[in-house]
Amino acid sequence: MAAAPPGDGTGGARADTRLIELIMGLRNAGIRDTKVLAAIERVPRVNYVDAAQTGLAYADRALPIDCGQTISQPYIVAYMTEQLRLDPMFKVLEIGTGSGYQTAVLAQLCRRVYTIERYRTLLRQAERRFAASSLTNITAMAGDGNRGWGAQAPFDRILVTAAASERPLELIGQLVIGGLLIAPIEGAGGEQHLVRFTKTETAFSEEKLLPVRFVPLQPGIAKQD
Ligand code: SAH
């Protein structure tokens, strides 16, 4: 293992090469939005994975994190971020902070990100990471993401990063008219698809995007940590 220069926050030259390889892989896989690719490049994923996983930080795969959860695969993070069609003025809500990696990517591309996590352990870890990276446009809270964040609504965009078994109607209710919500939705057979909902004046429309595999969106706040 080559020694990493201290304090550069990315794990050294080797990690930089891996990050560049990851970005090239994302481009080859069809991610076209250069702002999204630049955001991924700016967020050192190595800071968001468990210490035991640092060697895999720039592999294009989901990895286990505390509390039996996962940090999403970079391709899926890039894809969802691209499909959200963000604007620098937007206020965005994320459900399922987890490692905080997706939150940090969103924070590069919009005005403010609100994020909700049901495990306090994960939330505290993520908040420490945001502070260490001086990401000051993120507000995080422990809570049940199914309820959204009424006090801060409406949101221009909402991203759910855990799989729901029903359409997230309460969250759609917290979007501006014309706002988008992307969520993995689980069908009767256990298969999951990303679905993009667009709020209209009177209701909403929906489009199916990719097949995916996310941990489930749980009811309520976690009883322990
Ligand atoms: N965006 C995260 C994904 C983490 S996995 C990342 O890339 O690291 C999904 C997360 O959703 C888990 O941390 C899980 O605890 C959280 N979660 C599940 N149900 C929830 C709910 N009802 N409210 C808030 N968070 C929830």
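Residues numbered from 1 in each chain as written. Predicted model: local features only at pLDDT ≥ 70, side-chain atom pairs only at ≥ 80, totals over all residues. Heavy atoms only, no water.

**Student:** Quick question: what am I supposed to make of the site of the ligand here?
**Tutor:** Residues in close proximity to the ligand total 25 residues, the closest being Thr70, Ser99, Glu117, Gly145 and Gln218. Ser99 is positioned such that a nitrogen or oxygen atom in its side chain is 2.6 Å from an oxygen atom of the ligand. Between Arg118 and the ligand, the recorded distance is 3.3 Å, taken from a backbone N or O atom to a nitrogen atom. Protein coverage of the free-state accessible area of the ligand, which is 580 Å², stands at 100%. For the shell around the ligand, the secondary structure elements donating two or more residues are strand E2 (69-71) and strand E4 (112-117). If one sorts the elements of the shell around the ligand by residue count, E2 sits on top with three residues. (Near = heavy atom within 4 Å. Polar contact = N/O pair within 3.5 Å; in protein donor to acceptor, adjacent residues only side chain to side chain. Areas by Shrake-Rupley, 256 points an atom, 1.4 Å probe, with all protein chains shown as cover. Helix = DSSP H or I, 4+ residues; strand = E, 2+ residues; numbered from the N terminus.)

**Student:** Please explain unusual backbone geometry as it appears in this structure.
**Tutor:** A negative phi holds for most residues other than glycine; trans holds for most peptide bonds. Of the consecutive residues Ala153 and Pro154, the connecting peptide bond is found in the cis state with omega at 5 degrees. Counting through the fold element by element, Pro154 comes out in the loop between strand E5 (138-142) and strand E6 (155-160). Of note, Ser134 is a non-glycine position whose phi angle comes to about 55 degrees, a positive value. On the secondary structure map, Ser134 appears in the loop between helix H5 (120-132) and E5.

**Student:** Which parts of the structure should I look at to understand the packing of helix H1 (residues 13-28) against helix H2 (residues 34-42)?
**Tutor:** Any two packed helices are characterised by how steeply their axes cross, that is the angle between the axes, and by the distance between the axes. Here H1 crosses H2 at 155 degrees, and the two axes come no closer than 10 Å. When the axes of H1 and H2 are compared, the pair comes out roughly antiparallel. The hand of the H1/H2 crossing is right-handed. Mapping the contact onto sequence places Leu19, Ile23, Leu26 and Arg27 in H1 and Leu37, Ile40 and Glu41 in H2. Tallied by class, residues from the contact of H1 with H2 come to five nonpolar, no polar and two charged. (Axes fitted to C-alpha atoms, helices over the stretch in contact; angles between N-to-C directions. Parallel < 35°, antiparallel > 145°, perpendicular 65-115°, else oblique. Left-handed = near helix turned anticlockwise from the far one by under 90°. Contact = heavy atoms within 4.5 Å. Nonpolar A, V, L, I, M, F, W, Y, C, P; charged D, E, K, R; others polar.)

**Student:** Help me out: how do you make sense of the sheet that holds E5 in this one?
**Tutor:** Within a sheet, adjacent strands bond to each other through the backbone by hydrogen bonds, running parallel or antiparallel. Strand order in this open sheet of seven strands is E5-E4-E3-E6-E7-E8-E9, and the pairing throughout is mixed. Edge positions in the sheet fall to E5 and strand E9 (204-212), since each of these pairs with one other strand and no more. Recorded for the sheet is a direction-independent mean angle of 15 degrees between the axes of neighbouring strands. Relative to E6, strand E3 (residues 91-95) runs parallel, the two sharing four bridges. (Pairing = 2+ DSSP bridges.)

**Student:** Where do I start with the nonpolar core in this structure?
**Tutor:** Nonpolar side chains tend to gather and get buried jointly when the protein is soluble and globular. In this structure, Leu26, Ile31, Ile40, Tyr48, Tyr101 and Leu194 are the most contacted members of the largest nonpolar core, which totals 50 residues. Elements with a contribution of two residues or more to this core: H1, H2, strand E1 (63-65), helix H3 (74-83), helix H4 (101-107), H5 and E9. No other element matches the six residues that H3 contributes to this core. Among all residues touching Leu194, those that are not within four sequence positions of it are Tyr79, Met80, Ile182, Ala183, Pro184, Glu207, Lys208, Leu209, Leu210, Val212 and Phe214. Ile116, Trp149, Phe155 and Leu181 belong to the second-largest nonpolar core, a separate cluster that totals 17 residues. (Core = buried A, V, L, I, M, F, W, Y, C linked by side-chain atoms within 4.5 Å. Buried < 20%, exposed > 50% of the residue type's maximum accessible area, 1.4 Å probe, protein only.)

**Student:** Can you help me understand the pairing of strand E7 (residues 175-186) in this one?
**Tutor:** It is a general feature of regular strands that their side chains alternate between the two faces of the sheet. With four bridges joining them, E6 and E7 adopt parallel strand pairing. What sits directly across from Leu159, in E7, is Ile182. Sheet analysis places E7 next to strand E8 (residues 192-199), joined by seven bridges and oriented antiparallel. Paired with Ala183 across the bridge in E8 is Val195. Connecting E7 to the next strand, E8, in antiparallel fashion are five residues, including Gly190 with a positive phi near 90 degrees.

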